[in-house]
Every structure is written in C-alpha cells, then in structure tokens.
Amino acid sequence: MLIRRCPWRSIQLRQLWRLRQIHTREAIHDKRWPGWQVIVGIEVHAQIQSRRKLFSESFTSRPGEIPNTNVSAFDSAFPGTLPTLNPKSVELAVRTALALNSEVQSRSAFDRKHYFYSDLPAGYQITQRYSPLAKGGYLQLSKGDIAVGITQIQLEQDTAKSTFDGTRRVSLIDLNRAGSGLMEIVSEPDMRSPEEAADYVRTLQAVLRCVGSSDGNMEQGSFRCDVNVSVNKHGEPPGTRCEIKNLNSVKFMMIGITSEVFRHIELLENGCPVPQDTRGFDENKAETFKLRSKEDSPDYRYMPDPNIPPLLISEEYIETIRKTMPALPDATRSRLLNLGLSERDTDVLMAVDSGREVGFDGELGKGAVAYFDSLAQQRDPRVVVNWMTHELLGQLTARKETFSDNPVSIEQLGELIDLVQDGKITGTSGKSLLKHIIANRSSSAPSVLAQELSLEAVPQDDNATIRAWCVETIEALPEEAEAVRQGNPRVLNKLVGRVMQLSRGRADAQNARVVLEDILQG
C-alpha cells in the first residue's frame, strides 16, 4: 500500500511560505509597527451549501437541530460502508473555482488524512491535499489595487462537533456535522495587515454567497479561518510563521493578527527566535495562546483513498457551469454605477445584498440588488435607490429588522414611487404610507391605502385649501411670520413645516412656500 508521508515542514511550510510564492509588493510602513513587515496567509474552510453531505445521502444539518439525527452509517464510520460523491458539492466547488479565477483540474483525487480524535469517527478525514479540485487564481480586494493569490481549492469532509460539558466533565459528540462537504480555500501569503486580511475574508464571503456555494456564516461555524502570520524587518526574508486556528469572526481575526504581530516583534527585539507554533485565540484576553509546537505536530500519513476513484471533470462540464454563473460582485457593482447610482448607494445595496439568504444546492435568495433591478424597470434608478436605501432600509433598521424581514413587495413599493412621482401623494405622505405598510404588514395597494388614510395630495389648483392652512400657520406663529417680513428667509422653513403638519403631509411643500411668501409680502 502506498503511504504518503506529510511532515510539517514538507507540506504546510512549503505550501504557504516558499519565497518564490510571496509576491513582491511595495513596502507598507505601518505606524503600529514601524520598520517591520507583516505577512499574512489564510486558509478558509467553507461549508458547501448542498442539501446532502459530501459522501452520503444524509441531509446537511442546520443550526439548532437535535444532535445525532442527520447521521448515516457511513458518517459514523460503520465497517463495510462506502462513500458516494455528491455531484452537487462538486458543482458548487467548481462555481467557486471559476469565481476565484482558478484553474479547475481535469483530474483530481481524494486522500485520507489520518489523525485520531473523538470528533473524527473513521480516524481519518477524506481530503484532496495532493490533487486538489482547482489550482491558482486570485481574489481582487475591495480596497486598493490588491489581488490576493489563491494556492488551491480542495474538497474535504467536515468533522463532528465536540462540546465540553463542564458540569459532568465530559465531552459530547454531535455527528450531525460529520461528513458535511467543505471547501478548503488556501490563499497565498499576499496580505500585509490585519485590515487587508479582513477585506480578503469579507470579499471572499461575498463571492461565495453570490455564487451560492456557501452561506459564509462565521458565527454559525460554516466559514472558519486559520491565519498564518510572520514578521520581518523591511528588506529581510520572511520570518518564522505561526498559525492561529479556528477564528470565527472578522473582528477576532483582526485582533488575533495584531496580537500575534506584537508578540513576534517583542520576541525578535529581545533577541529571541520565534518558535513555529500552532496557536489558538482567547477572546476574553484578546491574545493568542500556544496549542502545539512544530515538534508536536502529527504525521498525518496521507494515502490515496482506495474507495474513491479519481474525479474527472471535462471542459464541457466546466463551460456549462460557467454559462450559468450568476454575476459576480465586481460586475454587479460596475453595472450599478453605470446606471448612475452613487458609490455610497451602490455600497449600501451591495452590503445588504451580500447578506441575502443562500439556499441549498446553489439556489439563491432574492436580495437587495434583485429587488432594486425589478423596481428600476421603467423608473429612474436614482429615485428607486433613494426610496430603497433611505426610506425602506431606514425604516427597517429603525425597527431593528433586516432586509430579509421586508414585508413590502416590489409591486407595492413600485406603485408607491409612481404615486409620488405623479404627484398623487406627496413625498411626506409616501413615507407615512411606507411606514404603515411595514408596521401593519399590509398587502393592500398603496393607492387604496392612500384613500383609506386620507393621504392623497391636495390638487395643485386647490389654492383655497392651501391658503387656509397658510393663514392658520401665520396666525399661530406671528413672531416667525414677522421675522420673514423683516427679511429672514430661513424662518420660512418653520412655517412651511407647520403647513405640512396641518395638512398631514398632503400639501406640496414648494406650493405652500409660494403661497406663504405671497401672503407675507402682500
């Protein structure tokens, strides 16, 4: 039997920290650590959003499900059970590879990575260390002209979940997660600060959600990061790297990298070498701690999995997936800007859209961008985005709700915008109407609600009604009226506001201003 040995230096160190792989970049002078260069590489483990697990017919578990209910005989490593590769997992991984500009391999293979732990029933993990699904590629960061290289993308099994019960002093094992499909996405060490690492992770999350391959949820454990950090003086070779395992939030990742950089610098300035450690992160102390050293690292004894034939992918298959790929974030952003949207409005739409629900097997939820696109058909995109970002999202935020809780249908908001644009209701009435629809979860048409709530605009030619409100306003605010007569036009806004209050938003503000000026100057 062929045994593939995997010593720490020959695999992990060679993979991420070969000098020829480190892209030359202009020196970054950071005030936090003057004279020092920080080098960061990240390994991301993203759970594939497939309904079935990677090698069995069991359902991929959701958060909160009863432990040990989505488990097959293969997941729990019963003797005699054989793996069957889930084709949907392969499709979603290929989508990811294409989105990251990687080269999908025509032939990839599966290995067994041996180690013994209670959350690994078989005593080995099926992975693709030597013949990955895809190689190369890059991810363009959202800030600055920075592209982070991708080393490889590989398919592998997730482990079970281990939970320590401090009361009984026992570890509980939940096999629901065991065998779920993962993509391990290994970056080149191209990042030079905690902020660039955070940008990489957020951008990667947005890409995975966009193509529907993963929900990218760090809080629920479906997107986990192992961060490799080294420090060196400018102009010198990279220093010894240390790995921080299982970081589950962007905030903690940035704090962990910063803590590790200062630890390295303190050791080097005191003349001590940096030991090559694998470390954890203590959220309460905001610092890393040692898990094991290089000497303690296991020999994983990689070997080809004899039960899984090589994975062969044709060019026709790749092209079929490429043609059905959804638009990537960069392309969507460019399209929105070309419609005349401001960068701020575009950023808001993209940020809200990146949080949309990702269904199983590549099914994409309808996000903010799709909602906007439907609304903007035959309407001014800038008017539409203003109603979405300022009014709709603003009112949802005020209620501590997200866009996924939005009860306003595309048809309702579209009709509301048309009513305001056609002068049938005022902008103020439109905001009140939108608030009513959200608060009451109403499915009625805005035109019907405007009649029921008496929010229809006062006709432009009905000067008598507007004039009566203006006279009442002047009588109620004599000092402000006199100030306007004495040449202080800014006080006029208060009078207009009073007219709008009396009319319950039905009067046109500009028309009211004209009538007020006419009365006060008469």
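Before going into details, it helps to say that this report is about the structure given with it. (Residues numbered from 1 in each chain as written. Predicted model: local features only at pLDDT ≥ 70, side-chain atom pairs only at ≥ 80, totals over all residues. Heavy atoms only, no water.)

With that settled, the discussion passes to the pairing of strand β12 (residues 223–233). For β12, the tally of buried residues reaches 10 of 11 residues, placing the bulk of the element in the interior. Here strand β1 (residues 36–47) runs beside β12; their pairing, made up of 11 bridges, is antiparallel. The partner of A46 across the bridge, within β12, is F223. (Buried < 20%, exposed > 50% of the residue type's maximum accessible area, 1.4 Å probe, protein only. Helix = DSSP H or I, 4+ residues; strand = E, 2+ residues; numbered from the N terminus. Pairing = 2+ DSSP bridges.)

Right, let's get into the sheet that holds strand β5 (residues 124–127). The strand order β5-β4-β16 describes an open sheet built from 3 strands, whose pairing is antiparallel. Each of the sheet's edge strands pairs with one partner strand only, and the pair in question is β5 and β16 (303–304). Direction of pairing for strand β4 (residues 111–114) relative to β16: antiparallel, over a ladder of 2 bridges. Following the sheet pairing, R112 is matched in β16 by M303.

In this section: the side chain of S214. Within the element layout of this structure, S214 appears in the loop between α3 (194–211) and β12. A distance of 3.0 Å separates a polar side-chain atom of S214 from the backbone oxygen of Q47. Looking at S214, its side chain comes within polar contact range of the main-chain nitrogen of G216, at 3.2 Å. (Polar contact = N/O pair within 3.5 Å; in protein donor to acceptor, adjacent residues only side chain to side chain.)

Where two aromatic rings form a pair, the distance of their centres and the angle of their planes describe that pair. Enumeration according to the criterion identifies 8 aromatic pairs in this entry. For the ring pair Y115 and Y300, a centre distance of 6.0 Å and an interplane angle of 70° mean the geometry is edge-to-face. Of this pair, Y115 sits in the loop between β4 and β5 while Y300 sits in the loop between β15 (287–293) and β16, placing them 185 residues apart in sequence. Among the residues examined, Y115 registers a relative accessible area of 21% and is labelled partly exposed. (Phe/Tyr/Trp six-rings, centres within 6.5 Å; stacked < 30°, edge-to-face > 60°.)

What follows deals with the packing of helix α6 (residues 329–338) against helix α8 (residues 368–375). At their nearest, the axes of α6 and α8 sit 12 Å apart, and the two run at 30° to each other. Crossing geometry of α6 relative to α8 is assigned as left-handed. Between α6, through T332, R335 and L336, and α8, the contact on the second element is made entirely by V369, F372 and D373. Among the residues forming the contact of α6 with α8, the class breakdown is 3 nonpolar, 1 polar and 2 charged. (Axes fitted to C-alpha atoms, helices over the stretch in contact; angles between N-to-C directions. Left-handed = near helix turned anticlockwise from the far one by under 90°. Contact = heavy atoms within 4.5 Å. Nonpolar A, V, L, I, M, F, W, Y, C, P; charged D, E, K, R; others polar.)

Next up on the list: the side chain of T159. Topologically, T159 is positioned in the loop between β8 (147–157) and β9 (161–165). In this structure, T159 is in contact with Y115, D119, L120, R177 and A178, ignoring residues within four places of it in sequence.

Turning our attention to the environment of L455. Among the secondary structure elements, L455 is positioned in the loop between α12 (446–452) and α13 (463–476). On a C-alpha basis, the gap between L455 and N386 in space is 21 Å, while along the polypeptide they are 69 residues apart. Once you skip the residues sitting within four places of it in the chain, L455 turns out to touch I425, S429, S432, L433, A450, R504 and R506.

The next subject is the nonpolar core. By size, the foremost hydrophobic cluster in this structure holds 63 residues, and its most contacted members are I42, I185, Y200 and M253. The dominant element in this core, judged by the number of residues it contributes, is α3, at 8 residues. Contacts of I185, omitting those with residues within four sequence positions, involve I42, E43, V44, T96, L100, I150, Q152, I153, Y200, L204 and L208. In terms of nonpolar packing, the next biggest core, distinct from the first, is built from 32 residues, L341, L349, I425 and L455 among them. (Core = buried A, V, L, I, M, F, W, Y, C linked by side-chain atoms within 4.5 Å.)

A few words on helix α10 (residues 410–421). Taking 1.5 Å as the rise per residue, α10 with 12 residues should run 16 Å; its terminal C-alpha atoms sit 16 Å apart, in good agreement. Considered for burial, the residues of α10 that qualify are Q412, L413, G414, L416, I417, L419 and V420. Those residues of α10 hidden inside the fold are in contact with α8, α9 (381–398), α11 (427–440) and α12. At the exit of α10 stands G423, carrying a positive phi of roughly 80°. (Expected span 1.5 Å × (residues − 1).)

The next point concerns the pattern of salt bridges. All told, the structure shown has 25 salt bridges when counted by the stated rule. For R322, the salt bridge identified is with E319, shortest N-O distance 3.1 Å. Note that R322 and E319 are positioned in helix α5 (residues 315–323) at a spacing of 3 residues, about one turn of the helix. A single network of salt bridges, built from pairs that share partners, joins E260, R263, D277 and R279. (Salt bridge = Lys/Arg side-chain N within 4 Å of Asp/Glu carboxyl O.)

This part is about the packing of α8 against α9. It is at 9 Å that the axes of α8 and α9 come closest, and there the two elements cross at 135°. Taken together, the axes of α8 and α9 lie oblique to each other. Between α8 and α9 the crossing geometry is right-handed. Residues A368, Y371, F372 and L375 of α8 pack against P381, V384, V385, M388 and L392 of α9. Tallied by class, residues from the contact of α8 with α9 come to 9 nonpolar, no polar and no charged. (Parallel < 35°, antiparallel > 145°, perpendicular 65-115°, else oblique.)

The subject of this paragraph is the environment of L182. Within the fold, L182 resides in strand β11 (residues 181–187). Beyond its immediate chain neighbours, meaning those up to four positions away, L182 contacts H45, A46, Q47, I48, Q154, L155, E156, Q157, D158 and R224.

Attention shifts here to the pairing of strand β14 (residues 277–282). Taking burial as the measure, the 6 residues of β14 include 5 buried ones, the bulk of the element. Alignment of strand β13 (residues 242–247) against β14, held across 2 bridges, turns out to be parallel. Along β14, the bridge assignment pairs E243 with T278. With respect to chirality, the unit in which β13 leads through helix α4 (residues 250–269) into the neighbouring parallel β14 is left-handed. Taken together, the 6 bridges between β14 and β15 define a ladder with antiparallel strand orientation. Among the inter-strand pairings, D282 is bridged to a residue of β15, identified as E287. The antiparallel pairing of β14 with β15 creates a hairpin that spans 4 residues between the two strands, and A286 there sits at a positive phi of about 55°. (Right-handed = clockwise from strand over helix to strand, strands pointing away.)

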